[in-house]
Structures are given as C-alpha cells and as structure tokens.
Amino acid sequence: MRIEADLLIPGRGEPVKDAALVVADGRIAYAGPSAQAPASTGEVVRAPVVMPGLWDCHVHLLGLPRSGGVQLSKAATEPVATRAARCVGDLQAALRAGVTSVRDLCGLGAYLADAVEEGSIAGPAIYAAGALLSPTGGHGDLHDLPPSWVTEFGRDGGEFRQCDGEAECAKATREQLRKGAKVIKLSASGGGLSVRDDPQHQQFTVAEMRTIVEIAGNAERVVAAHCHGKAGIMAALEAGVHTIEHGSCLDEEACAAMRETGAILVPTLTVQENMLARTDLPPWVERKARALADQHRASVSLAHQRGVTIAMGSDIFVSRTPGVGGTWGGNGQEVALLTELGMSPLEAIEAATATAPRTVGPQAPKSGLLAAGYDADFLLLHENPLADPAVLGDPAKIAGVWKAGLRIEGAGTSVA
Ligand SMILES: [Zn+2]
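These figures come from a predicted structure and were not determined experimentally.

Each value, and the rule that gives it
- Residues numbered from 1 in each chain as written.
- Predicted model: local features only at pLDDT ≥ 70, side-chain atom pairs only at ≥ 80, totals over all residues.
- Heavy atoms only, no water.
- Donors = N, O, S within 2.8 Å, 3.2 Å for Na, K, Ca; no water.
- Helix = DSSP H or I, 4+ residues; strand = E, 2+ residues; numbered from the N terminus.
- Phe/Tyr/Trp six-rings, centres within 6.5 Å; stacked < 30°, edge-to-face > 60°.
- Buried < 20%, exposed > 50% of the residue type's maximum accessible area, 1.4 Å probe, protein only.
- Domains from an automatic or database assignment.
- Buried area = accessible area lost by both parts, 1.4 Å probe.
- Salt bridge = Lys/Arg side-chain N within 4 Å of Asp/Glu carboxyl O.
- Polar contact = N/O pair within 3.5 Å; in protein donor to acceptor, adjacent residues only side chain to side chain.
- Nonpolar A, V, L, I, M, F, W, Y, C, P; charged D, E, K, R; others polar.
- Axes fitted to C-alpha atoms, helices over the stretch in contact; angles between N-to-C directions.
- Parallel < 35°, antiparallel > 145°, perpendicular 65-115°, else oblique.
- Left-handed = near helix turned anticlockwise from the far one by under 90°.
- Contact = heavy atoms within 4.5 Å.
- Pairing = 2+ DSSP bridges.

1. Topic: the coordination of the zinc ion
- At the metal site, the zinc ion is ligated by H58 (NE2), H60 (NE2) and D315 (OD), and these contacts range over 2.1 to 2.2 Å.
- Read N to C, the donor residues that coordinate the zinc ion are spaced as H-x1-H-x254-D. With a gap of 257 residues between them, H58 in strand β5 (residues 54–64) and D315 in the loop between α10 (283–305) and β14 (316–318) connect regions that are remote in the sequence.

2. As for the packing of aromatic side chains
- Considering all chains together, one arrives at two aromatic pairs under this definition.
- Where W55 meets Y127, the ring centres are 5.2 Å apart and the plane angle is 20°; that geometry is what we call stacked. Here the residue W55 occupies a position in strand β5, and Y127 occupies one in strand β7 (residues 125–128), the gap between them amounting to 72 residues.
- Here the aromatic rings of F378 and W402 are separated by 5.1 Å at their centres, their planes lie at 10°, and the arrangement is stacked. In this pair, F378 is assigned in strand β15 (residues 378–381) and W402 in strand β16 (residues 398–403), connecting sequence segments 24 residues apart. We note that F378, like W402, is buried.

3. Describing the domain arrangement of the protein
- In terms of domain boundaries, the protein breaks down into domain 1 (2–52 + 370–407) and domain 2 (54–363).
- Regarding the contact of domain 1 and domain 2, the summed buried area is about 1,700 Å², with carbon and sulfur atoms giving 68% of it.
- Considering only the side of domain 1, the residues that lose the most area to domain 2 are R12, L392 and K403, jointly responsible for 31% of the buried surface there.
- For the pair domain 1 and domain 2, the interface holds one salt bridge.
- Of the charged contacts in the structure, one is a salt bridge between R12 and E350, with a shortest N-O distance of 3.0 Å.
- Applying the counting rule to domain 1 against domain 2 returns two residue pairs in polar contact (both at pLDDT 80 or more).
- Elements that contribute at least two residues to the side of domain 1 that touches domain 2 include exactly β4 (44–52) and β16.
- Here the element with the most residues in the side of domain 1 that touches domain 2 is β16; it accounts for four residues.
- Taken together, the residues of the side of domain 1 that touches domain 2 sort by class into 14 nonpolar, three polar and four charged.

4. Description of the packing of helix α11 (residues 333–340) against helix α12 (residues 345–352)
- Between α11 and α12, the least distance of the axes is 9 Å, while the angle of their chain directions is 135°. In terms of orientation, α11 and α12 fall into the oblique class. Crossing handedness for the pair α11 and α12: right-handed. The residues of α12 that touch α11, namely those facing V335, L338 and T339, are P345, A348, I349, A351 and A352.
- Split into classes, the residues belonging to the contact of α11 with α12 amount to seven nonpolar, one polar and no charged.

5. Let's talk about the pairing of β5
- Counted residue by residue, β5 has 11 buried out of 11 residues, so it is predominantly covered.
- Examined bridge by bridge, β5 and strand β6 (residues 99–104) share four bridges and lie parallel to one another. Directly across from L54, in β6, lies its bridge partner V99.

Pasting the structure below:
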C-alpha cells in the first residue's frame, strides 16, 4: 500500500513536503518525496500529515480504578483479572490515539504483551518491566498494607517487589526476566504516591543498583530508574542505569553526568498535570505533587538546554472510566507539554518517535522512524503537529493508525 501526504515527518530529520510512504510486508519500503517514490500497485490513502507511531516510554498497565483517590495498594487487593480487563480498554484507547509502542514500567504488561502479540486484544507493542523493584519501605512498597502481604505479593509475581541487599536484588531481577521483562525498573528515590517516603531521599544503594544493572545487562536488558531527588539520580547514574524517569531535581552537575553516561531522561509531565488537576487526592499526595511540580519543570528545561537526550513518557497509571474516558488515549499530550518547556515541536516529536526505542537499549526494534526497513507503525493526521503539537493529544485529530503495516480498526476519522 501507499500513503500520499502533504507533509511527512520522519521522526528524525527535516520534514518532507508532497511525500509518499510505501509499505510492504509490515515494513516501510520507501519514505520520501512522492516524485521519487517507486511505482506501487495496491491501495492508496491520502492525508495531510504522516508521521511515525508514538512511543509512550513510561506507562503503568496496572488497571487501577480512576475513582477512589489513586491507591496503588489496589494492585495487591483487587483481583488480577479485574485489573487486566481494565487494561484492555486502556490499550485500545492508546493504540487508536496513535500510540503504537509503550514501555510498561511496573504493571501487567509482561503478560498483556503476549495477548497483544497473538492478536487476542488490540494494543501498542508492549515493552514491560514486570514489577517495580524497591527496598523495603521504598517507593515500591505499599505502606498502607501489612508488610507480609506486600512481601508475598511481590514474591508471587505481583507488580511491587521489595528486595534488600545484593543477593535479593539479583533474585528479584531474575524473577522479572523469567516473566519476560524487556527492561528492568528500580526505585532510586522516594516517590509521590508512596505514603511514608521522601522523594528527595535516595533509596537503593549504588551496590544494590549495580547488581540489578549487571543481571539485567547479562540478559541484554537495560535498567530504568525512578528518581526525583538529586542523590538518587547521581547514585543511579553511577550504577549504570540507562534511563532516568521523572528526573525532577536535575542541576548542572546532574545534567553533565547524564550527558557523560549517555543516560536518557523520561520527564513524565502528563502525570504531574493530571494529578494537580484532580480534586480527590489524599492531602499527602497533593502535598508531594505540589512540592515537586516547579522543580520538575525547571529540571526538564535545563536538561533540554544542556543537551541531555529526552524521550517521551506520560506516566499514566490509572485506567479510563467507561463512558467518561480519561488519560489513556491522551498519551500524546506530553508532546505539547515538552514544547512548553523549550523543545521545538520537531524535537518533542523526535523524543516521542526516533529517540524512544533507545529507552529499551538492545531490545529496541526498528521503530520510530519513517525510513526504508523500519516497522510500518505510523499515523495520519488531519492537522500539522509542527504548527500545533496539541493535535497529538487529541484522538479526534487522527486520520488513521497503522501498526506493522495493518490499519487499526476504529482509529481515525474520514480519510480519502
Ligand atoms: Zn511511573
């Protein structure tokens, strides 16, 4: 098949006017000026804009209910089947909104990935971490439950796994690999949704994180580190993690360390906006969110100015509410939020496309770029996101979505 577009945004590099995209066997055969495109038989679809499918590099397929004031402990107290069923709608909404790949950094994604791959449910390709690894009492502990419940939940395959000391960290990492994890997630600092820790405090020691990085590396996996405070960021970089998630407190020294190690920042501005807009948060969650918000924004701006590599992630962690909608499907709003902090629309799109697969290191597919040989994951738009990046957060602006060369049912409206 062939796409004819007024504008082709490749993911990296300059956009091409009057362009064509030729697809064969689930891959891109040609992307470039229409005049030089090889002759093709088959279907022709025309649209104003074509660009690569979006990657959301930080989501949580936890299936938590949106109502009831964000309680992570529901992950351990609600049946897995209920939560997995909620994720089905979340995945479909994301895919129809043009998100063709996600990195699930603590959730049911390792299992849901199989269901997507075999075609039982519609969704983006999932690169899952399995559980969040955390020290006891850390961001991945569920502080409002008895400790033994949480320990058992994590050891039994649940999404929050405590481990202390190098031996337990090694075992917990191997458990995630056994589940099919494509990336490992650890907690280097306190978090906004854990009751009793402080986002400014470091959690795992450098030695513990080094062990996790080593075990993951043996299996050609990279490590994503949740960090807000600077101490956790610096320790995680020293241990060799590949991505810094949130990175709320980056200063000059931390940005220099990120450039030196080549670590990628995944800022997650969407979750911050969504949390601050809610009126049903427990007071301690609201306090933590407000305390970090300005620092987080300043941190992303500085990282961009200092040339730190940035990939797009929303940190959406609750499910849609049927009939009301919600966050899933609005993943692309992160692109516009990144432009508010200094990135150009083209740079923010690169963060959501060509740069994004690098967040899974050696597990990266040939994705995120409209170029010959890459996966035919792309979307068509009615409006130009370079003029208004907010169109990427609005499923109504989508004209069509293709994943592995196949058109997604129910995605996009009226394209000739
Ligand atoms: Zn997260």
